[in-house]
Amino acid sequence: KKYLKSEHPIQRYEQGPSFSYQDKNKIFYISRIIINSKHIGETLLKLGVINKKTIHSSFPNIIPKFHNHFIRGYFDGDGCISYTVGKTGTVSFSSNENIIRDLARNISENIGVKFKLFAIKNSEICWVMQIYSKQNIIKFMNWIYKDHNNILLNRKYDKYQSYLRDYCNLTS
């Protein structure tokens, strides 16, 4: 509010319970600010922000040696690693069809892991890519964390370390 020089309320919403297996009953809070300004909207469009990003996004044109870093950032935002001790784990991403297919192609070209792609039932937009098997998960996670220089989301990196320790009896 201070930086926007505005007195409009910033609303706080409950979101939950979580879909995470570990936090089934945990309530999360989110905040949202709505800006209704024709000038700001037109300026954002001129700067390259696209309307309806969820539908129209695609994998950016970046130098191949940075693909693992970009995908690590994407994983931090829209990815998930989940497992149950003694059972198989899963790494998954959710996004639109263009992004999911581009991610799958890029990951396949770079490290050759196997995955499953599918559209979420009753959704025209949401697609999921899932990586299964201990070998594929370790190969993928080691690739995205290669040369990370501590530019990562600690919570997700720690979950991967727990996966290695609890499920695979390993540490990286």
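Scroll up a little and you will see the structure.
Residues numbered from 1 in each chain as written. Predicted model: local features only at pLDDT ≥ 70, side-chain atom pairs only at ≥ 80, totals over all residues. Heavy atoms only, no water.

Chemist: Please clarify how the sheet that holds strand β6 (residues 127–132) should be interpreted in this entry.
Modeler: Strand-to-strand pairing in sheets goes through backbone hydrogen bonds, with the strands running parallel or antiparallel. One open sheet holds the 4 strands; their spatial order is β3-β4-β6-β5, and the pairing between them is antiparallel. With one partner strand each, in any of the chains shown, β3 (79–83) and β5 (116–119) form the two edges of the open sheet. The mean inter-strand angle of the sheet, taken between neighbouring strand axes irrespective of direction, is 20°. Relative to β6, strand β4 (residues 89–95) runs antiparallel, the two sharing 6 bridges. (Pairing = 2+ DSSP bridges. Helix = DSSP H or I, 4+ residues; strand = E, 2+ residues; numbered from the N terminus. Axes fitted to C-alpha atoms, helices over the stretch in contact; angles between N-to-C directions.)

Chemist: Hey, could you run me through the pattern of salt bridges in this one?
Modeler: A side chain of one charge can pair with a side chain of the opposite charge when the charged atoms of the two come close. The full count for this structure, using the stated rule, is 4 salt bridges. Of the charged contacts, one joins Glu-97 and Arg-101 as a salt bridge, the two residues approaching to 2.9 Å between their closest N and O atoms. Here Arg-101 and Glu-97 lie together in helix α4 (residues 97–111), a separation of 4 residues that amounts to about one turn. Assessed through its relative accessible area of 33%, Glu-97 is described here as partly exposed. In this structure, the salt-bridge partner of Asp-102 is Arg-105, at a minimum N-O distance of 3.7 Å. Note that Asp-102 and Arg-105 are positioned in helix α4 at a spacing of 3 residues, about one turn of the helix. Taken together, the salt bridges that share partners define one network made up of Asp-102, Arg-105 and Glu-109. (Salt bridge = Lys/Arg side-chain N within 4 Å of Asp/Glu carboxyl O. Buried < 20%, exposed > 50% of the residue type's maximum accessible area, 1.4 Å probe, protein only.)

Chemist: Please explain the nonpolar core as it appears in this structure.
Modeler: The nonpolar side chains of a soluble globular protein tend to be buried, and buried together. Residues Ile-71, Val-91, Phe-93, Ile-107, Phe-140 and Met-141 are the most contacted members of the largest nonpolar core, which totals 30 residues. Taken together, the elements giving at least two residues each to this core come down to α3 (67–78), β3, β4, α4, β6, α5 (134–144) and α6 (154–166). Each residue touching Phe-93, except ones within four places of it in the same chain, is listed here: Ile-71, Tyr-74, Phe-75, Asp-78, Gly-79, Ile-100, Leu-103, Ile-107, Trp-127, Val-128, Met-129 and Phe-140. (Core = buried A, V, L, I, M, F, W, Y, C linked by side-chain atoms within 4.5 Å. Contact = heavy atoms within 4.5 Å.)

Chemist: Could you clarify how one ought to interpret the packing of aromatic side chains in this entry?
Modeler: Any two aromatic rings considered together are summarised by their centre-to-centre distance and by the angle between their planes. All told, the structure shown has 9 aromatic pairs when counted by the stated rule. Both rings, one in Phe-70 and one in Tyr-74, keep their centres 6.1 Å apart while their planes meet at 35°; by these two values the pair is tilted. Residue Phe-70 and its partner Tyr-74 are both found in helix α3; the two are separated by 4 residues, about one turn of the helix. Exposure remark for Phe-70: the relative accessible area of 28% places this residue in the partly exposed category. In this structure Tyr-74 comes out as buried when scored by relative accessible area, which is 15%. The interplanar angle of 70° and the centroid separation of 5.3 Å between the aromatic rings of Tyr-83 and Tyr-163 together place this pair among those described as edge-to-face. Of this pair, Tyr-83 sits in strand β3 while Tyr-163 is found in helix α6, placing the two residues 80 residues apart along the sequence. Under the relative-accessibility criterion, Tyr-83 is labelled buried at 14%. Ring-pair connections join several aromatic residues into one group, and the members of that group are Phe-70, Tyr-74, Phe-75, Phe-93, Phe-140 and Trp-143. The positively charged end of Lys-156 is found above the aromatic ring belonging to Phe-75, 5.1 Å away from the centroid. (Phe/Tyr/Trp six-rings, centres within 6.5 Å; stacked < 30°, edge-to-face > 60°. Lys NZ or Arg CZ within 6 Å of the ring centre and 35° of its normal.)

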